[in-house]
Each structure stands twice: as C-alpha cells, then as structure tokens.
Amino acid sequence: MAASTPRFQPRLRIPPHVHYAGPLLTLPLAQALLAARHAGAGTWHGSLDLDVSRAEVALSSDAWEWRGQRYPYPGKLKDRTLYYWDGDGFASISRYSGSLIKLVPTPWGAPTFEIDGIKMLPTSKESPIDDARRKVALVAPQGKIVLDTCGGLGYFAACCLDAGVARILSFEKNADVLWLRTLNPWSPDPDAPASGGRLELTHADVSQAIAQIPGASVDALLHDPPRFGIAGELYSQAFYDQLARVLRPGGRLFHYTGSPNKLTSGRDVPREVEKRLGKAGFKAQLALDGVLGVRR
C-alpha cells in the first residue's frame, strides 16, 4: 500500500485557530527597546518573533512601531516569561486550569513550555527544534504517514513537514497546550500554506483515540509522552500493543523516555519500555534519550 494513500480520517480535528502574528516580548527585549529609546535612537533592529525573523522597529518617546502597528512600552516584566499583545497590554503566555502552564523562552529562539514549573522539553544543550530533528530522523518520515501521539508544541510535526512527510496525524490532549501553539511562531499551523494540508491536529487523548485508527495504517510512529508519573497509561503494555497494531510491519517507532534517575526513582524506565515494546512485537533498542523500535 502506498505511503501517501489516505488511510485514517481523524474525527476530532480541532477547528481552525488563527495563529498570533503580533510581537512577543521578554524582559531582555523590553530592556533593549527602552535602552535604545533612552539613547535617543530612532530605530531598533532585532527579532520580536523569537528569532524567526529580524526587522526594524521605529521608536518614539511614548510608543514603538512594528509591522505597521504601534505599541506602548511595556511595564514591569518577569524573567523567563514570554508576553504577547492581547489588545489591551502585554500579557504573559500562561494559563492556570488545574495546572500552571506557560511558554518559556530559551537561548535558541524556539521556546519550551512548563507545567507547574516542570520543563517539558530538553533545552540545556541545544534548541528543542534541533533535538526534535535528530529524533524524527530515526523514523525517516519522507513520503510516509506518521502518527505523532503527543503533539505538544508541534516540534516533531514541524520537523516531519520539513523532511517531506506525506501526512502526519498529531494528537494533543491538553487544550492549554493547543493554545500555546497558536502563540508560538515555531509551532506549525495546520491551516498554513506551508503545511500543505499534510498536518492533521486532533484535540484528543491518544490512549483512547488510537482504538479508532485502522490496523497497519501508518508507516512510522513518534511517541513523546509526559513522564511516567503523569501519564502511566501511555507506557502501558495495552497501549504499546495498540501502537504495534496501527503500525505496518517494518515501520519504525521512536519513543522518548528521557533519562530519569533510577537511583531516586527506583525504576529504569527506558529498559522497561524496551521490554514492553518487545512483547508488543517490536525489535527495540535504546537510542538517544529514548527507545527505537522496528515493527516485526
């Protein structure tokens, strides 16, 4: 069966959300704008979209102008926080609905996000986009149908699109994460021309939705679940059996596990995952900070 043949139509695809196109500020950026104004400069050059692009900003005593719109100089901002223009002022990109979730700047441009202060993406040594690119390369997505089980900010999806994926089916359970995506210029927009209709983003719990995916209907899998203590069902034998069911024979899986300290947790999660995937029908081995499997 050709990899580009449509074989699954998600039922719960999220409605189109307009991605934010206004400025994104951090404390250092706000300080740079104010410093340029205080120095008497008429313009400031830099990036207001997390290093996606660079532009000239016109400065005046009471406001600054970017992309044809004027904005007031922001008041007091916090460090490690991103701000967007909500129409009335610069608001932090964070929400609280049971857990505090926020978009967090990194030195690499592409942001990470935190839930209750726990960083969800590795960013200490490289950009989360570069990290995602190395992992995506393990499943060789070009021309394939890929299942992205836990979409997050969409960095796996972005790398798959760049690599020439035929179609990527991405699930995300958390509505607040989907909101973060609309404010993050590094998150791929399913409705943008650059996506070419290849990204189908579904607001659903993949542990339940996977039962609706036909068997052997995807060519590769990317599984980046929250840590075991938060989403144990996504590490279960029953879920791995479902992953094996939907993946065609010979298809590849990359499962992110991270490197939890087994001295403190008492568990060797990567080895447990490797063992369970083997029982599900994968030839599995440790790779990068996770497990790589090939469907037998």
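Please read all numbers here as calculations on a predicted model, not as lab measurements.

Basis of the calculations
- Residues numbered from 1 in each chain as written.
- Predicted model: local features only at pLDDT ≥ 70, side-chain atom pairs only at ≥ 80, totals over all residues.
- Heavy atoms only, no water.
- Axes fitted to C-alpha atoms, helices over the stretch in contact; angles between N-to-C directions.
- Helix = DSSP H or I, 4+ residues; strand = E, 2+ residues; numbered from the N terminus.
- Parallel < 35°, antiparallel > 145°, perpendicular 65-115°, else oblique.
- Left-handed = near helix turned anticlockwise from the far one by under 90°.
- Contact = heavy atoms within 4.5 Å.
- Nonpolar A, V, L, I, M, F, W, Y, C, P; charged D, E, K, R; others polar.
- Pairing = 2+ DSSP bridges.
- Buried < 20%, exposed > 50% of the residue type's maximum accessible area, 1.4 Å probe, protein only.
- Polar contact = N/O pair within 3.5 Å; in protein donor to acceptor, adjacent residues only side chain to side chain.
- Core = buried A, V, L, I, M, F, W, Y, C linked by side-chain atoms within 4.5 Å.
- Phe/Tyr/Trp six-rings, centres within 6.5 Å; stacked < 30°, edge-to-face > 60°.
- Lys NZ or Arg CZ within 6 Å of the ring centre and 35° of its normal.

**Q** I'd like a rundown of the packing of helix 6 (residues 237–246) against helix 8 (residues 269–280), residues and numbers included.
**A** Where helix 6 contacts helix 8, the two axes come as close as 9 Å, and the packing angle between them is 50°. Between helix 6 and helix 8, the interaxial angle falls into the category oblique. Helix 8 is crossed by helix 6, and the crossing has right-handed handedness. Contacts from Gln237, Tyr240, Asp241 and Ala244 of helix 6 reach helix 8 at Val273, Arg276, Leu277, Lys279 and Ala280. Here the contact of helix 6 with helix 8 is built from residues that sort into five nonpolar, one polar and three charged.

**Q** Provide a residue-level description of the sheet that holds strand 4 (residues 63–66), including the pertinent values.
**A** Ordered in space as 2-3-4-5, the four strands form an open sheet in which the pairing is antiparallel. Because the sheet does not close on itself, it has two edges, and the strands there are strand 2 (43–46) and strand 5 (69–72). With direction set aside, neighbouring strand axes in the sheet form an average angle of 30°. As paired elements, strand 2 and strand 3 (residues 55–59) share four bridges and run antiparallel to each other. What sits directly across from Trp44, in strand 3, is Val57.

**Q** Account for helix 4 (residues 175–183), with residues named and values stated.
**A** Within helix 4, eight of the nine residues are buried, which leaves it mostly tucked inside the rest of the structure. A side-chain oxygen of the first residue of helix 4 lies 2.8 Å from the backbone nitrogen of Asp176; this N-cap is Asn174.

**Q** For the nonpolar core, give the residues involved together with the corresponding values.
**A** Soluble globular proteins tend to bury their nonpolar side chains together. Counting residues in each nonpolar core, the largest one holds 33 residues, and the members touching the most others are Ile93, Leu180 and Leu222. Looking at this core, the elements that each hand over two or more residues are strand 9 (100–104), helix 2 (128–137), helix 3 (155–162), helix 4, strand 15 (218–223) and strand 16 (247–256). No other element matches helix 3, which puts six residues into this core. If you look at the next biggest cluster of nonpolar residues, it comprises 29 residues, including Cys150, Val206, Val218 and Phe239.

**Q** Can you lay out the packing of aromatic side chains for me, pointing to particular residues and giving the numbers?
**A** Centre-to-centre distance and the angle between the planes together describe a pair of aromatic rings. Taken as a whole and judged by the stated rule, the model has eight aromatic pairs. Arranged with centres 6.1 Å apart and planes meeting at 15°, the rings of Trp64 and Phe90 form a pair that is stacked. In this pair, Trp64 is assigned in strand 4 and Phe90 in strand 7 (residues 90–92), connecting sequence segments 26 residues apart. Phe90 matches Trp64 in its accessibility class, with the two residues each being buried. Between Phe228 and Tyr235, the ring centres sit 5.3 Å apart and the planes meet at 70°, which makes this aromatic pair edge-to-face. Given a relative accessible area of 2%, Tyr235 falls into the buried group. Among the aromatic side chains, those forming a connected cluster through ring pairs are Trp64, Tyr71, Trp85 and Phe90. Residue placement shows Arg37 over the ring face of Tyr73; its charged tip is 4.4 Å from the ring centre. Here Arg267 stacks its cationic end above the ring of Phe228, 4.2 Å away from the centre of that ring.

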